[in-house]
Structures are given as C-alpha cells and as structure tokens.
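Given next are the chains, with one letter for each unit.
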Amino acid sequence: TTPAPPDKNEIDDTNVIENIQTGIEAEVQQQNDSMKIFFILLVLGFCILLTHCLLRLNFHFLPESIAVVFLGAAIGGIVKIMQTAGVGNWLAEEMLSPNTFFLMILPPIIFEAGYSLHKGNFFQNFGSILIFAVFGTLISALFVGGGLYLMGVAGIAYNLTLNECFAFGSLVSAVDPVATIAIFKALNVDPTLNMLVFGESILNDAVAIVLTNTFQALKADPKLATASSSTVFFMAVGDFLRMMFGSALLGVGIALISALISFLTHLFKKTPSLELGMMFIFAYVPYGLAESLKLSGIMAILLAGIVMSHYTHSNLSLVTQINMQQTLRALAFLSETSVFAYLGLAIFGFEHNFQPAFVIWSIILLLVGRGLNIYPLSWILNYFRETKITKRMQFIMWFSGLRGAICYVLSLHLELDSVEKRHVIITTSLIIVLFTILVLGGATLPVVKFLQIDDKRSFHRNLTLSKTEEMGQTIESDHISELTEEEYDEKYLRDDLHLRGFAYFDAKYLVPFFTRRITKRELIQNRSEMQRLTNKWYEEVRMGSRRSEEQEEEEECV
C-alpha cells in the first residue's frame, strides 16, 4: 500500500524536497501516468473516428453519447479478455479517477456550457430554473434517500445508514441531459422548454455536488454526532448556502476582474495569443480557487463563464472571439467524449456487487421523486409566470431527467463504512446512469415527437441527434461582438425595447463600464484584418492543393 501523503500544514521548507519522488519510484509513477494518458487518448481517437463514421453514413438517429458508451464497453470487454488470457492488464488505466474528472474533465464542459449559453432566455427563466435546480434537487434527494432508508430498515432493499442514503440520494439526483438537448434542438421544441431543461441541468449538477458534500461532511464531523436534529439541519443549510452564494460571488467577481483587465489592456488585441492565454487562465482560476476554499468549483466556473461571455468577450479581438468559441467547443467535446467512454469502460472495469432490489427501488424512487418535484413546482410557478409550463412540457421535463457521469464519479468519491457498500453504491450508480442514458435517452426522440405531433412548430427535415454536427457547422453570431457606440445604443437602448430592472441597469451602466466600444475606424481596420487573414488562409490552402497536384503529376511522369 502507498503511504498516505503528509498533511499540508506539516510540510515546511526543510522537508519539501524530501517529499518529491526520486529514482525508480518516480520512474514507475511516470510510466503509469504515461500509460493512462496513452490509453485514454487511444480511446478518444477511436471515439472521434466513430463519430466521423456516424456523420459520414448519415446515421443521425443514434446520439453520439450512446454510441461512445457502446464503444467504451466493447474496449472494456477486450481489455477484460486480454487480462483473463494473461496478455496484459489495463484495468488501472480504464478506471476513471475522481480527481481527474473534477480537476481536468469537468471544468471545460461546465465553462463551455456557461460561455455559450443563450443568456436572454436563461435569465428570463432564471427564477424557474433556480427553483427546479435547488428545491427540485433537494426534494428528489430527500425522497430517494428517505425511501431507500425505509426500504433497508424493512429488509426489502440493501441496508444503509440514514446519512449514507441521503448522500446517495443526492448524487443520483444530478441530471445530465446531454443527449436530450441535442434532440430538443433537432425537433425545434419550445424555447422555454429547451431552456428550462438545459438551465436546470447545469445548475442541478452544482446543487447535487454541494448536497452530497454536505451530507458527507455531516458524517465526518464528530461534533455533529451528539448534536440535536435542529442543530444539524441549520448547520447543513448554512453550509449549503455558504457554498452556493460564496461560489457564485467568487465566480462573478473573477469574471468581472477579467473584463476590467481586458478593457484596460486593449493592447492585447495586437497579440491574439496573449488574449487567448489570458482567457484560459481566467476560465480555470474560479474553479481552482473555489475548490481550494472548499466551495463549489462547478458553480463558480459556470457563473464565470456566463459573466465572461457577457462582458469580457466583447473586449476581445475578432480573431480571439472566434478562436475562443471553437477551442472551447473542442475541449468540451473531448471532455464529454472521455466521460461517456469511461462509463462504457466501467462496465467491465471492476468487480460489481449487484443488488437487484436496491437497484430497482432506486430507479423507481428516482422516477417518482422527479415527478414530485417537476409537477408541484410547475403548478406553483405557473401562478407567477406569464408563459405557462404546460402539462406536455412538464411530462417531457420529467422524462428527460437523464443521469450522467457526475452521478457515477460522485459514487466513486463517496466515503462509506465498508468495501462492500462501496461496490454496491458504485454498481447501482453505474446501472442507473446506463439505464437513463440508454433507455430514457433513446426513447426521448419518439416521446417528444409523439407529444408534439399537433404542435404548430415544424420539425427539421434533416433530423440529426449529433451534437457535434449541430455545433460544428457554424460560428454563432451572438459570440462575434464588434459594436460602435452608436450601434450599441441603437441595438440595446431603444425606447421600444422597454427594458426594466436589472436588464436596463446592465445595458445602461454595467456593459458600458466593463466593455469597450470601438470606433468606426477600428471597426474598418478589424474587418480589413479579418479579410486579409481569410485571404491568406485561402491562398495557403490553394497553394497546398496545387503543390500536391504538381507532385502527383511529377510522380506519374516518372
């Protein structure tokens, strides 16, 4: 067994060098890490080829996430056969490390989601989204956790402690409808429905992580073992509010600092590489700082992405705006693909402890718990909304609550009393994720089409469930921002817009303070520069094709 690392407070300048691995130990660690990197890159390469084949064959009715899960399962099966035959052992490489997921894979996905978010629809429905994400997740977590605890006490399902049940109920309440969003976009569903599901999913993940960590902290703190129920409740609520609001303020604050820096140092526009590098630094700083302060990194980086997209993005050069958008898409694609590949690999990656009653009741309680938060909360919200959440929309919201990688990874991170409980929780979480992705995700298309059969909205003729194809064909005009002072006033401060409240305050004061309006001369120069770069790239492509044709002709002559 590897010795536990020393506590950070115990490390000083006298032993910091001694803690660095050397010799054979360092070489073995380097080889193991290199093999893990090689393995996941190899799997990602196969996944990209699979996605390319799906696009080329016009096989649009299978979401890429499901296809990648199947490919990961196939690779995991091959690795298992190789291990059984004594050819090699790659089981350590195919297991997803929680630290790798939370520190490397998750941040690009969440930041890109916030950065590319349609902020108008999001903030118009922000109150409803927040209600569904916070109170809906809390209702689901308590219902699932309490139900499983009672089932365990009655001897119907696997027995866990009350705290463990609530922690498990919190982690399986993390909604991740990646495939569903692609289906919604293809079917041209109501924008309100699309934003409610999407907004809930990105905030719900943060809430589920905070709830899980809160229940884990309650178990780990010895002071709470003898505390009264009311004390524990108020401490849990206080910790939850501290993490949520602290993370939100941290993310927004760092994003506003990035807007001011990009506004004041507009000379970066002459060096797009510096601009892009600074943007990526500010993109990751909120997550790292929040996690180090025991706050929610996912909430901080999400709000940082939203605010940076609203303010900082307008201060960037046109080249960096396009590069930022496309680079974030590529990173998010690789991260999401690796997540679904790891889910497939996990099917054969470790010894499972399958408890049929526990799995079945968990799925039933999840479905009922989601219904108990969607329908009552929608009924309450409709009293305050101008655009009502119809019964049809409520059913689609209930049906599209897929569980994703966060649920599975949180189960790996869960601290339990015994190894047996860990295997039961991890196996159950994996089955729930695969069930919702494969069964509910696969059935979402016919369900949505059936429920919208009399809708006046028309479906896309070339229906595609490919998120890559939907996102990769165009550059979003919303993320190309070059407005002069006169153009900004004409677009956002017209009297007929009737802006009120924060929307008016933002357009009138915040945007002018944090963003820089360009002059007409700069606008002409920027567009000329983009035209020059476009012509240069086009000439290079043409020259490359000419050279290849000339080489082919020379080879034919020889």
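Keep in mind that this is a model prediction, so the values were computed, not measured.

Q: Where do I start with the packing of aromatic side chains in this structure?
A: Aromatic ring pairs are reported here in terms of the distance separating the ring centres and the angle at which the planes meet. With the rule as written, the count across this model stands at nine aromatic pairs. A ring pair is formed by Phe111 and Tyr115, whose centres lie 5.5 Å apart and whose planes are at 25°; its orientation type is stacked. One end of the pair is Phe111 and the other is Tyr115, both in helix α4 (residues 98-115) and four residues apart, which spans about a single turn. By relative accessible area, which is 2% here, Tyr115 ends up buried.

Q: Any chance you could explain the pattern of salt bridges here in plain terms?
A: In a structure, side chains of opposite charge can pair up when their charged atoms sit close to one another. Tallying each qualifying case throughout the model produces two salt bridges. For Glu164, the salt bridge goes to Lys421, with nearest N and O atoms at 3.1 Å. Within this pair, whereas Glu164 is found in helix α7 (residues 162-171), its partner Lys421 is found in helix α17 (residues 419-451), the two being separated by 257 residues in sequence. Judged on exposure class, the residue Glu164 and its partner Lys421 are both buried. With its nearest N and O atoms 3.0 Å apart, the salt bridge here joins Glu200 to Arg370. With a gap of 170 residues between them, Glu200 in helix α9 (residues 191-220) and Arg370 in helix α14 (residues 356-381) connect regions that are remote in the sequence.

Q: How should I be thinking about the side chain of Ser411 in this particular structure?
A: Mapped onto the secondary structure, Ser411 falls in helix α16 (residues 405-413). Accessibility expressed as a relative area gives 1% for Ser411, which makes it buried. Setting aside residues no more than four positions away along its own chain, Ser411 makes contact with Leu171, Ile425, Ile426 and Ser429.

Q: Just to check I follow, could you spell out helix α13 (residues 318-345) for this structure?
A: Because an α-helix packs 3.6 residues into every turn, residues spaced three or four apart end up facing the same way. Across its 28 residues, α13 extends 41 Å between first and last C-alpha, which sits within 8% of the 40 Å expected from 1.5 Å per residue. Along α13, 21 of the 28 residues are buried, which leaves the element largely enclosed by surrounding structure.

Q: Please clarify how the environment of Gly114 should be interpreted in this entry.
A: Summarising the element assignment, Gly114 is placed in helix α4. Look past the residues within four positions of Gly114 in its chain and what remains in contact with it is Leu302, Gly305 and Ile306.

Q: I would appreciate a short explanation of the confidence of the model for the protein chain in the present structure.
A: Low pLDDT marks stretches whose predicted atomic positions should not be read closely. Taken residue by residue, the protein chain gives an average pLDDT of 76. The fraction at 70 or more is 72%. Of all the helices and strands in the protein chain, helix α19 (residues 485-492) carries the lowest mean pLDDT, 49, while α14 carries the highest, 91. Confidence over residues 458-464 falls short of pLDDT 50; this stretch has 18 contacts with residues more than four positions distant or in other chains. Segment residues 484-490 is flagged for pLDDT under 50; beyond a separation of four residues in sequence, or across chains, it makes 18 contacts in the model.

Q: Which parts of the structure should I look at to understand the packing of helix α15 (residues 391-399) against α17?
A: Helix packing for two helices is described by the angle between their axes and how far apart those axes are. Contact pair α15 / α17: the axes reach a minimum separation of 10 Å and the direction vectors enclose 170°. With respect to α17, the element α15 is oriented roughly antiparallel. Contacts between α15 and α17 involve Arg392, Phe395, Ile396 and Phe399 from the first element and Leu440, Ala443, Thr444, Val447, Val448 and Leu451 from the second. Among the residues making up the contact of α15 with α17, the classes are represented as eight nonpolar, one polar and one charged.

Q: I would appreciate a short explanation of the nonpolar core in the present structure.
A: Generally speaking, a soluble globular protein has its nonpolar side chains buried in company with each other. Ranked by size, the top nonpolar core spans 127 residues in total, and within it Phe101, Phe358 and Tyr408 carry the most contacts. If we ignore the near neighbours within four places in the chain, the residues touching Phe101 are Leu96, Leu106, Pro107, Val339, Ala405, Ile406 and Val409.

Calculation notes
- Residues numbered from 1 in each chain as written.
- Predicted model: local features only at pLDDT ≥ 70, side-chain atom pairs only at ≥ 80, totals over all residues.
- Heavy atoms only, no water.
- Phe/Tyr/Trp six-rings, centres within 6.5 Å; stacked < 30°, edge-to-face > 60°.
- Helix = DSSP H or I, 4+ residues; strand = E, 2+ residues; numbered from the N terminus.
- Buried < 20%, exposed > 50% of the residue type's maximum accessible area, 1.4 Å probe, protein only.
- Salt bridge = Lys/Arg side-chain N within 4 Å of Asp/Glu carboxyl O.
- Contact = heavy atoms within 4.5 Å.
- Expected span 1.5 Å × (residues − 1).
- pLDDT = per-residue confidence, 0-100.
- Axes fitted to C-alpha atoms, helices over the stretch in contact; angles between N-to-C directions.
- Parallel < 35°, antiparallel > 145°, perpendicular 65-115°, else oblique.
- Nonpolar A, V, L, I, M, F, W, Y, C, P; charged D, E, K, R; others polar.
- Core = buried A, V, L, I, M, F, W, Y, C linked by side-chain atoms within 4.5 Å.

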